[in-house]
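Remarks on the overall topology
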Amino acid sequence: MSVKYRLAITKGEAVRYVSHLDYMRSIERAVRRTKLPAAYSEGFNPHMKIAFASALSVGVASEAEYMDIELTGDVDPAAMGEALASQLPPGIAVGRFRQIPATGYPALMAVVNLAAYRIRLPLPAGTAGDAIEAIGRFNAAAVVTYIKENPKGKKEIDVKTYVREVAATPVADGLELAVEVRITPTGSIKPTEVIKVLVEKFGLPADPDTALVTRTGLFVADGNSRISPLDI
Amino acid sequence: MITIPPAVLSRVAKPARYTGHEHNSVVKDPAGVDAAFALAFPDVYEVGMSHLGLKILYHIINRRPDAAAERVYAPWPDMEAEMRAAGIPLHTLESFRPVGEFDVVGFTLQYELSYTNILNMLDLAGIPLKSADRGEGHPLIIAGGPCAFNAEPLADFIDFFVLGESEEAVDDVAAAVADWKKAGKPGGRRGFLARAAAIPGVYVPAFYDAAYNADGTLAAVTANHPAAPPVVTKRVVADLEQVAYPTKPVLPFLEIIHDRIMLELFRGCTRGCRFCQAGVLYRPVRERKPETLLRLAQELVDNTGYSEISLTSLSSADYSCLKDIVGRLIDQFKDQGVSVSLPSLRIDSFSIELAQEVQKVRKSGLTFAPEAGTQRLRDVINKGVTEKDLEEAVGAAFRAGWSGVKLYFMIGLPTETDDDIKGIAALARRVTDIYREVKGKRGAKVSVSVSSFVPKPHTPFQWYGQNDMAELERKQQLLKTLFKDRSVSFSWHDAHVSFLEAVFARGDRRLGEVLLAAWRQGAKFDGWSEYFKFALWQEAFREAGVDPHFYAGRERTADEVLPWDHLSAGVDKAFLEREYRQALDAAPTADCRRGDCSVCGVCQGLGVDIIDWGASS
């Protein structure tokens, strides 16, 4: 009998620079160390049945990741939480979790459609005013075209499809930005790309390489309502 | 403690190479230990993290309450540039302290083309490159590994070398460092080196002088210090059951080269291939008991969560209880999704049966190493396999469902003629024919990989003059014209690389200046084709006034003093000479484990015995 759980987990400072693939593999290995009865796919290269909502870029930390895991037998939920906590590498912690139906339940990947980020952006001294003005111009723009480049090729997108506005709060050495990014079946934009757009198109006086990005939430959004994937 | 700015980490490739925090890494309080070791691998993280020897050292040192071992790898050139620009010194992945603050920095020497990375790492650590320029505040720079058996090209840079197996030697070194520090460092660095020189297996190059003849050959390497023995002999662990095995290895986040459990079945090899340096350096064969291996495997699975166990050794098919151990490992782990793999296979159908057995869990490729294209040349190198062995093995593999095999060969072997080169193509063709005979159709995927022979110290071929680069390239081209069949893919190694390996493998102390000159001109990561620049090495040889052909291409006479004659692997030079003569007569020597003792001198001289559990039960 197979049992599925959905868990909230983190990607903390210690693993900020770990890639999504490596992050997943580290969790798989931790699960194997717990000796929990994880379910595997069939075939020559059996894979543990673990699924995530949306990939995080290298360098991006997260306070709100989610994973679904399938187990082949019933386990005591509290014992499962403890077992995972004892084996996960530093920076990966389990938060709230609950059992979900083993079949017919929407996959994380399919339902999560909004990601929230906090970005710490150092600025050269005395440029905070200019920076806030640049962000204001971005917020006021109706359309912001941007050429997204990846190894597969180039694609022109409208940044505003994904990010309506960027909220900026001055902090000691620069700004703290809050950004909500829509995740659509046809694509999305990375927070680092949003910073690049702000620098290149709106004259934000910052070095995009210095931005420190943390995902603060992943949601199932509908209009103005936002619910956690654990609450659907 | 060093903090790397986010901007740096966001600009470099694979930043997880530099951020630490891996599961099972051991972080100790530096103030609580007497001997702090920085274990340095002179190549990138993914290569260094795959190395079993460093895992063993890390485990054994960290087991001691008075010592700590931390890890450091060569930063990739993008990271090096960032570190230099930001003034970040080389540091470890555990405590993020500068390497220059450690008591000992230990390098492992796996291949000659990593030498410039050692200089580069010392420089990045702010440590003077030459031993003679280091002061009392600097760490002791030590080195071990196969290349330490000809330590001379690195003699100027390394304070002392440790020859042979490290399990017991490193405890001796750690204890010596701790004692010396607790005693108030009597005699300073030189005082410590005198203590170190008394430890068996330790070679302190500064305690030896090299003298040369008028023709440039070596006259003698003589001890100049009372603590230095005339010949330094390797360390050997008499019984592997008695030493610790790293069952809690550091688990990387990044995918590394050998990203799996490495279970070492045994050490040594008694087949006696005459080109093989490892076969001499790790003699004699000492097996672990099957029960021990099963216990170690369980601990490793429990502590890592890896899904694959690789059975490692120089020749895993020679493990006397192989069938037994493979079956038992599969049984023990099949329900946990853990597979078993055999990385090195001998050419016989027994191996194929076993390969088939392990395929029950996972499918992987098959590799065979006939090494030479004709039986005559295989007899010269004492490879001990026949064309019939290969035919049977390949036939069995095709019948078992494999459709592709990799074949490894060398060119430039002693006595080689063009007929031997043509034999390589003929053998590959024979393999495609066998596929057609077995399957009734074409379509075998045969890949032939050809490296150039590099004569190595402490082998029967140590006297042999390497083919020059033009000759190696001619042979590569000849071979290329012989592969017309599209089912055979052919690749070869750069002859310049093999040439440089030969120079440093058999070099003497005069090569230290060449290394320095090459490093100053920017040589690093020479083992990586994208960074290897031969022109720069040519310039370095010119600058140092050293003729590389003197080292690579010159046939040595039997009476010549070799730069490694004062360093012993326990195998007699007379045995090597005898083997070289037999090679030239294409006369085979039997495996000493099951046939007659070939009197290489290692068991007798080192007081160790072959341990073979299959033979004893």
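It should be emphasised that the depicted structure is a prediction, and the values quoted were computed from it without experimental measurement.

About the cut-offs
Residues numbered from 1 in each chain as written. Chains lettered and ligands numbered in written order. Predicted model: local features only at pLDDT ≥ 70, side-chain atom pairs only at ≥ 80, totals over all residues. Heavy atoms only, no water. Helix = DSSP H or I, 4+ residues; strand = E, 2+ residues; numbered from the N terminus. Rg over C-alpha atoms; globule rule 2.2 N^0.38 Å. Buried < 20%, exposed > 50% of the residue type's maximum accessible area, 1.4 Å probe, protein only. Contact = heavy atoms within 4.5 Å. Areas by Shrake-Rupley, 256 points an atom, 1.4 Å probe, with all protein chains shown as cover. Pairing = 2+ DSSP bridges. Axes fitted to C-alpha atoms, helices over the stretch in contact; angles between N-to-C directions. Phe/Tyr/Trp six-rings, centres within 6.5 Å; stacked < 30°, edge-to-face > 60°. Lys NZ or Arg CZ within 6 Å of the ring centre and 35° of its normal. Expected span 1.5 Å × (residues − 1). Buried area = accessible area lost by both parts, 1.4 Å probe. Salt bridge = Lys/Arg side-chain N within 4 Å of Asp/Glu carboxyl O. Polar contact = N/O pair within 3.5 Å; in protein donor to acceptor, adjacent residues only side chain to side chain. Nonpolar A, V, L, I, M, F, W, Y, C, P; charged D, E, K, R; others polar.

1. A short note on the overall build of chain B
Within chain B, the secondary structure is distributed over 22 helices and 19 strands. The C-alpha atoms of chain B give a radius of gyration of 24 Å, which matches the 25 Å a tight globule of 617 residues would have. A principal-axis box enclosing the C-alpha atoms of chain B has dimensions of 75 × 65 × 55 Å. Each of the 617 residues in chain B was classed as buried or not, and the buried ones make up 61%. In chain B, 76% of the contacts between residues at least 6 apart in sequence involve partners at least 24 apart. As displayed, chain B offers around 22,500 Å² of accessible surface, 52% of which is attributable to carbon and sulfur atoms.

2. Structural notes on the overall build of chain A
Helix and strand counts for chain A stand at 6 helices and 11 strands. Along the longest, intermediate and shortest principal axes, the C-alpha atoms of chain A span 60 × 35 × 35 Å. Across the 232 residues that make up chain A, the buried fraction comes to 48%. In chain A, the share of contacts with a sequence separation of at least 24, taken over all contacts with a separation of at least 6, comes to 74%. Only carbon and sulfur atoms are counted for the fraction: they give 55% of the accessible area of chain A, which is about 10,900 Å².

3. Notes on the sheet that holds strand β4 (residues 140-144) of chain B
Residues and elements named next belong to chain B. Reading across from one edge, β2-β1-β3-β4-β5-β6 is the order of the 6 strands in this open sheet, with mixed pairing throughout. Every other strand in the sheet has two partners, leaving β2 (67-73) and β6 (202-203) as the edge strands with one partner each. The pairing of strand β3 (residues 104-108) with β4 spans 5 bridges and is parallel. In the strand pairing of β4, G106 is matched with I142. This element, helix α5 (residues 115-124), spans β1 (35-41), β2, β3 and β4 of the sheet and lies at about 160 degrees to β3. Set on the sheet, helix α6 (residues 166-182) makes contact with β1, β3, β4 and β5 (160-162); between it and β1 the angle comes to about 135 degrees.

4. Things to note about the packing of aromatic side chains
All names here are of chain B. Going through the model one piece at a time under the given rule, you end up with 27 aromatic pairs over all chains. For the ring pair F453 and Y464, a centre distance of 6.1 Å and an interplane angle of 40 degrees mean the geometry is tilted. With a gap of 11 residues between them, F453 in the loop between β17 (445-452) and α15 (469-482) and Y464 in the loop between β17 and α15 connect regions that are remote in the sequence. The pair F453 / Y464 is uniform in exposure class, with both members buried. Aromatic side chains W463 and Y580 sit 6.1 Å apart centroid to centroid with 15 degrees between the ring planes, which places their arrangement in the stacked category. One end of the pair, W463, is in the loop between β17 and α15; the other, Y580, is in helix α20 (residues 573-584), with 117 residues separating them in the sequence. Grouping residues by exposure puts W463 and Y580 together as buried. An aromatic cluster is defined as three or more aromatic residues linked by ring pairs; in this entry it consists of F453, F461, W463, Y464 and Y580. A cation over an aromatic ring shows up here: R97 above the ring of F102, its NZ or CZ 4.4 Å from the ring centre. Cation over ring: R593 sits above F266, and NZ or CZ is 5.8 Å from the ring centre.

5. What about helix α9 (residues 290-304) of chain B?
Counted at 1.5 Å a residue, the expected span for α9(B) with its 15 residues is 21 Å, and the 21 Å between its end C-alpha atoms agrees. Regarding α9(B), the residues found buried are B:P290, B:T292, B:L293, B:L294, B:L296, B:A297, B:L300, B:V301 and B:T304. For α9(B), the secondary structure elements touched by its buried residues are α1 (20-34) of chain A together with β10 (261-264), β13 (308-312) and α10 (322-333) of chain B. Taken from the residues just after α9(B), B:G305 is the one with a positive phi, measuring 80 degrees.

6. Overview of the interface of chain A and chain B
Often, the extent of an interface is quoted as the loss of accessible area on bringing the components together. If you look at the interface, chain A gives 22 residues, while chain B gives 29 residues. Note on chain A versus chain B: buried area summed over both sides is about 2,200 Å², and carbon and sulfur give 54% of it. Area buried by chain A at its contact with chain B is led by A:Y17, A:R29 and A:R33, which between them contribute 30% of it. Our enumeration of links across chain A and chain B arrives at 5 salt bridges. Salt-bridge contacts for B:D302 lead to A:K35; the nearest nitrogen and oxygen are separated by 2.4 Å. At the surface where chain A touches chain B, the tally comes to 10 residue pairs in polar contact (both at pLDDT 80 or more). Per element, the largest residue contribution to the side of chain A that touches chain B is 6 residues, and it comes from α1(A). Counted by class, the side of chain A that touches chain B contains 10 nonpolar, 4 polar and 8 charged residues.

7. Brief notes about the side chain of B:R286
Residues and elements named next belong to chain B. As for its placement among the helices and strands, R286 is situated in strand β12 (residues 286-287). Here E165 takes part through its side chain, which lies 2.7 Å from a polar atom of the side chain of R286. Separated by 2.9 Å, the side chain of R286 and the backbone oxygen of P284 make a polar contact.

8. Re the pairing of β2(B)
When a strand is regular, its side chains alternate between the sheet's two faces. Residues and elements named next belong to chain B. Within β2, 7 of the 7 residues are buried, which leaves the element mostly enclosed by the surrounding structure. Burial of β2 is two-sided: the residues A67, A69, R71 and Y73 facing one way and the residues A68, E70 and V72 facing the other way are all buried. Pairing of β1 with β2, which is carried by 7 bridges, proceeds in the parallel orientation. Bridge pairing links F41 to Y73 in β2.

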